[in-house]
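Structural description and commentary
The residues making up each chain are set out below.
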Amino acid sequence: MRRHGFVLIAVVVVVAAAILVATGAIFAARGATVSARASDLERRLRDAALDGVAVAAERLRADRARLLSGGDPTDDAMLVEVADGARKFEVRLVPQWAGKPFASEAAKLDVNLASPEAIARLADALGDASGSIVDGVVAMRPVSSVDSLAATAGGANGPELVLGSLRLIGAEREDFDDAADASRRRELAPPLVELLTAHGAEPLVNSSGDAKLDLLAVFAEGSGRMSEASLAEFEDAEREALASIARKQDESRSEPGETPDDGAIVRALLARGVALDRIDAILGSCTLEAGTHGSPRIDIVRADRRALAAIDGIGPDLAARIIDLRDSLDEAERRATAWLVGRRVLTPEQYTAVAGRITHRSALWRFRVEARVATPEETGSASVDGEPRATSAFDCIVDLTPEHPRLVFLRDVTLLPTARALALVIAPQAEPPQEPIDADAPSAGASEQDRVPDFDFRAPEATIRQPPIEEPSRLLVAPTGRDVPKSR
């Protein structure tokens, strides 16, 4: 009898073990299925986002002539909708800090080539944490991309100071869009990515996209490359002025530290009595520089006042005047820079001093593409069981200088909000000052104010305890991924 009891117990144990093994196998298979579905969804979203990058670049290419003349890209944020079985992917452009889908890279100071004085003026205008980051830029140059400066902030807020609100990605974007106008008031400092760029070189092409006339190649003595056809559009006085300045620049090229300055074209033509609007047109078709890109210029039509104020020869007062007037410019004025004199912002002497460092257009545009799964309410279809509302996002910069647009910057920014959340969790909390301990006082637990609340990953930004921002130390910024600097 006892023997039969042991056999029965053994059978029960074997059956129970078999059930546990089968249950474990079922859960493992289910986990593998969920993981495979999530991985497949992530891949499909990433592919959709990259398709959106190509669509956005093609949209810019279609507008190339208008953009090179000083126009703006279209504001349509929707790029493409992709049906994928029971679900639908939406691929759209996420608004930049200024509220538009595309941001002009020419509207920013070149982080690598701006003078130390200009960098210092920008740091003073920003102050506090953002200014302290900018203040260390000169020691860190060359920088491969402005995005990489986020590593120097020394705190959880660093990425937002450099890149802007990370709530621009994913489900929180809709809530942020509702309050976007308040976040873009003039008195609020924009993120550094809106003020600095590593891709600010001026494209040496005219408004039609053709290469500018190289005056040194045309007029330099012994070059043998004078083109009468290229010079036919100029009057005799204009031709003489251009020839004179080209030969002077050719003579000074051998001197160390001397670089061609297209502002010299303005000064030479103005000395010959050429009208300012005509000078503007000549400056748009001629250059003293060679190659495809020249020295950086600031887009005065789109630049923030802090970037304008940092330009040598402008300063805060003139920058504020430019900001106040440029919204009232007509189409012809917006496609030139001579309105600075016509609207009495600058004197002719002041204009000639800055003409080689300002522009009215941009050939490089930054944008962010986001691909996400549309909600069932948006598509009018049933939801997919157990599927998260995933997102994939890329930051990009496209250069329109060549006939076929060139992608000069591409970075996957899908996990930026997660990175910020983790930084907030692991950021060391400042220890409160130690109070003298009264041995006779009764012991007590921590007060409600001393307790650190649990971190809520879905909480609004204002409810998250922010760690103090430390002064940045000298850090080396390593080249990052697929960043391609455009500074010369």
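Everything numeric here is computed off the predicted structure, so don't read it as measured data. (Residues numbered from 1 in each chain as written. Predicted model: local features only at pLDDT ≥ 70, side-chain atom pairs only at ≥ 80, totals over all residues. Heavy atoms only, no water.)

Glancing now at the packing of helix H12 (residues 263-271) against helix H13 (residues 276-283). Packed helix pairs are specified by the crossing angle of their axes together with the interaxial distance, meaning the distance between the axes. For the pair H12 and H13, the least separation of the axes is 10 Å and the interaxial angle reads 145°. In the crossing of H12 with H13, the sense of the turn from one axis to the other is right-handed. For the pair formed by H12 and H13, the contact residues are Ile265, Val266, Leu269 and Leu270 on the first element and Leu276, Ile279, Ile282 and Leu283 on the second. Tallied by class, residues from the contact of H12 with H13 come to eight nonpolar, no polar and no charged. (Axes fitted to C-alpha atoms, helices over the stretch in contact; angles between N-to-C directions. Helix = DSSP H or I, 4+ residues; strand = E, 2+ residues; numbered from the N terminus. Left-handed = near helix turned anticlockwise from the far one by under 90°. Contact = heavy atoms within 4.5 Å. Nonpolar A, V, L, I, M, F, W, Y, C, P; charged D, E, K, R; others polar.)

A few words on the confidence of the model for the protein. Averaged over every residue, the pLDDT of the protein is 76; the share at 70 or more is 69%. Note on residues 435-488: pLDDT is under 50 here. Beyond four places in sequence and across chains, it has 86 contacts. (pLDDT = per-residue confidence, 0-100.)

What follows covers helix H15 (residues 315-326). Compared with an ideal rise of 1.5 Å per residue, which puts 12 residues at 16 Å, H15 spans 16 Å between its outermost C-alpha atoms and is within 8% of the ideal. Every buried residue of H15 is listed here: Gly315, Leu318, Ala319, Ile322, Ile323, Leu325 and Arg326. Looking at the buried residues of H15, the elements they touch are helix H14 (305-309), helix H16 (331-334), helix H17 (339-342) and helix H18 (348-354). (Expected span 1.5 Å × (residues − 1). Buried < 20%, exposed > 50% of the residue type's maximum accessible area, 1.4 Å probe, protein only.)

Here we take up the pairing of strand E2 (residues 87-94). The element E2 is largely enclosed, with a buried count of seven among its eight residues. Two elements, strand E1 (residues 78-84) and E2, share six bridges in a ladder whose sense is antiparallel. If you follow Val80 over to E2, its bridge partner there is Val91. Counted between consecutive antiparallel strands, the loop separating E1 from E2 contains two residues, among which Gly85 sits at a positive phi close to 70°. Looking at chain direction, E2 and strand E12 (residues 364-373) are connected through six bridges and run antiparallel. Each bridged residue has a counterpart across the sheet, and for Glu90 the counterpart in E12 is Arg372. (Pairing = 2+ DSSP bridges.)

Two elements in contact, helix H3 (residues 116-126) and helix H4 (residues 128-135), have axes whose closest approach is 7 Å; the angle formed by their N-to-C orientations is 165°. Accordingly, the angle class assigned to the pair H3 and H4 is roughly antiparallel. The hand of the H3/H4 crossing is left-handed. Facing H3, whose interface residues are Ile119, Leu122, Ala123 and Leu126, H4 presents Asp128, Ser130, Gly131, Val134 and Asp135. Split by residue class, the contact of H3 with H4 holds five nonpolar, two polar and two charged. (Parallel < 35°, antiparallel > 145°, perpendicular 65-115°, else oblique.)

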